[in-house]
Amino acid sequence: MRPGGGRIGLYAKGRVMGAHVIGVVGPSGVGKDTVMHALATAHPDIRLARRVITRPEEAGGEDFDALSEAGFDLRVAEGGFALWWEAHGLRYGIPQEEVAGEDTILVNLSRTVLGAARARFEHFAVLSLVAAPETLAARLAARGRESREEVAARLARAEFVRPKGADVIEISNDGALEDTVAQALDALYPVRV
Ligand SMILES: Nc1ncnc2c1ncn2[C@@H]1O[C@H](COP(=O)(O)OP(=O)(O)OP(=O)(O)O)[C@@H](O)[C@H]1O
Ligand SMILES: O=P(O)(O)OC[C@H]1O[C@H](OP(=O)(O)O)[C@H](O)[C@@H]1O
């Protein structure tokens, strides 16, 4: 527990905002999952939201709950997701229970759902990770989770939008992971709120 307690606040552009939910966004391969895990390891108050994805369980990568299309439809109909979206031919959902509570929760989001996330979460901020196109290409190829065609499609989508706004912290993950984590922790500054 941090001395003095309190919850993580977001200190950005001169404003301090209590941020419970932090959407981590950026192009495929930029390192969202890697950075999220490193942040959760580095800070005891940070928790990761587990996503539901219509992707086969054996695909590997992040720790997620695999669901069929029909199962996903049912969860949507039940109102089980705080947010859901489609990308890369898959559907992704953030279960309501994953974003409940008082922790600071990191959620891996699509850049297309930031408007919905801002409307849904009262205390919300964005951690936008960026890297050069050649870095993304090299990382996706090395990771090997997708086929060559799927990697090409992900790279084509890389720059379609760059999140902007007072609640956006943009950090480069082109360099060493430790540097990204240090910058992110500086930005997600612990304060009493
Ligand atoms: N700072 C870094 N330096 C070197 N390699 C990195 C760094 N950050 C992430 N990686 C590597 O890049 C690859 C992609 O990272 P990761 O899977 O975390 O990206 P992602 O943004 O979550 O991608 P996707 O949206 O496709 O799931 C992984 O193999 C990871 O180990
Ligand atoms: O390009 P945009 O819409 O920002 O992101 C699309 C999707 O890609 C990533 O998923 P994955 O972890 O690669 O399956 C993101 O987490 C998001 O769900």
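Residues numbered from 1 in each chain as written. Chains lettered and ligands numbered in written order. Predicted model: local features only at pLDDT ≥ 70, side-chain atom pairs only at ≥ 80, totals over all residues.

## A short note on the site of ligand 1
(1) Moving on: Of all residues adjacent to ligand 1, which total 15 residues, the nearest are Ser28, Gly31, Lys32, Thr34 and Arg139.
(2) Moving on: A per-class count over the shell around ligand 1 returns four nonpolar, seven polar and four charged. (Near = placed C-beta within 6 Å. Nonpolar A, V, L, I, M, F, W, Y, C, P; charged D, E, K, R; others polar.)

## Focus: the packing of helix 1 (residues 32-42) against helix 6 (residues 177-187)
Helix packing for two helices is described by the angle between their axes and how far apart those axes are.
(1) Moving on: Running from N to C, helix 1 and helix 6 cross one another at 60°; their axes reach a closest spacing of 10 Å. Like other packed secondary-structure pairs, helix 1 and helix 6 cross with a definite hand, here right-handed. In this structure, helix 1 uses Thr34, Val35, Ala38, Leu39 and Ala42 to contact helix 6, whose residues at the interface are Leu177, Thr180, Val181, Ala184 and Leu185.
(2) Moving on: Here the residues of the contact of helix 1 with helix 6 sort into eight nonpolar, two polar and no charged. (Axes fitted to C-alpha atoms, helices over the stretch in contact; angles between N-to-C directions. Helix = DSSP H or I, 4+ residues; strand = E, 2+ residues; numbered from the N terminus. Left-handed = near helix turned anticlockwise from the far one by under 90°. Contact = placed C-beta atoms within 7 Å.)

## Description of the pairing of strand 7 (residues 81-87)
Look at any regular strand and the pattern is simple: side chains alternate between the two faces of the sheet.
(1) Moving on: Pairing analysis gives six bridges linking strand 7 to strand 8 (residues 90-95), with the strands arranged antiparallel. Among the inter-strand pairings, Glu86 is bridged to a residue of strand 8, identified as Arg91.
(2) Moving on: Taking the residues between adjacent antiparallel strands as the criterion, strand 7 and strand 8 are bridged by two residues, where His88 takes a positive phi near 55°. (Pairing = 2+ DSSP bridges.)

## Overview of unusual backbone geometry
(1) Moving on: A positive phi is found at His88, a non-glycine position, where the angle reads about 55°.
(2) Moving on: Within the element layout of this structure, His88 appears in the loop between strand 7 and strand 8.
(3) Moving on: By C-beta crowding, His88 is classed as partly exposed, having 15 other C-beta atoms within 10 Å. (Buried ≥ 20, exposed ≤ 12 C-beta atoms within 10 Å, placed from the backbone.)

## Considering the confidence of the model for the chain
(1) Moving on: A residue-level look at the chain finds 87% of positions with pLDDT of 70 or above and a mean pLDDT of 86.
(2) Moving on: Note that pLDDT drops below 50 for residues 1-17; the model gives that stretch 40 contacts with residues more than four away or on any other chain.
(3) Moving on: Interface confidence for the predicted complex, expressed as ipTM, amounts to 0.95; the pTM equals 0.88. (pLDDT = per-residue confidence, 0-100.)

## Some remarks on the environment of Arg75
(1) Moving on: Relative to the helices and strands, Arg75 is located in helix 2 (residues 69-77).
(2) Moving on: The spacing of Arg75 and Leu109 is 34 residues in sequence and 18 Å in space, taken between C-alpha atoms.
(3) Moving on: If we ignore the near neighbours within four places in the chain, the residues touching Arg75 are Val52, Leu67, Gly80, Phe81 and Gly93.

## Quick notes on the UniProt feature "binding site: ATP" (unreviewed entry) in the chain
(1) Moving on: Feature annotation in UniProt assigns "binding site: ATP" (unreviewed entry) to the following positions: Gly26, Pro27, Ser28, Gly29, Val30, Gly31, Lys32 and Asp33.
(2) Moving on: The topology assignment puts Val30 in the loop between strand 3 (21-25) and helix 1.
(3) Moving on: When sequence neighbours within four positions are dropped, the list of residues in contact with Val30 reads Leu129, Val130, Ala131, Leu136 and Asn173.
(4) Moving on: Considering the arrangement of structural elements, one finds Asp33 in helix 1.
(5) Moving on: In contact with Asp33, not counting residues within four places along its chain, are Gly61, Glu62 and Asn108. (UniProt positions renumbered as here; feature names shortened; annotations may be inferred.)

## With respect to the sheet that holds strand 7
(1) Moving on: Reading across from one edge, 6-5-8-7 is the order of the four strands in this open sheet, with mixed pairing throughout. Of all the strands in the sheet, just strand 6 (65-66) and strand 7 have a single pairing partner and so form its edges.

## Notes on the sheet that holds strand 10 (residues 124-130)
(1) Moving on: Across the sheet, five strands lie side by side as 4-9-3-10-11; this open sheet has parallel pairing. A single partner strand is all that each edge strand has here, and the edge strands are strand 4 (46-48) and strand 11 (168-172). The mean angle between the axes of side-by-side strands here comes to 25°, regardless of whether they run parallel or antiparallel.
(2) Moving on: The sheet contact formed by strand 3 and strand 9 (residues 104-108) spans four bridges and is parallel. Looking at the pairing, Gly23 lines up with Val107 of strand 9.

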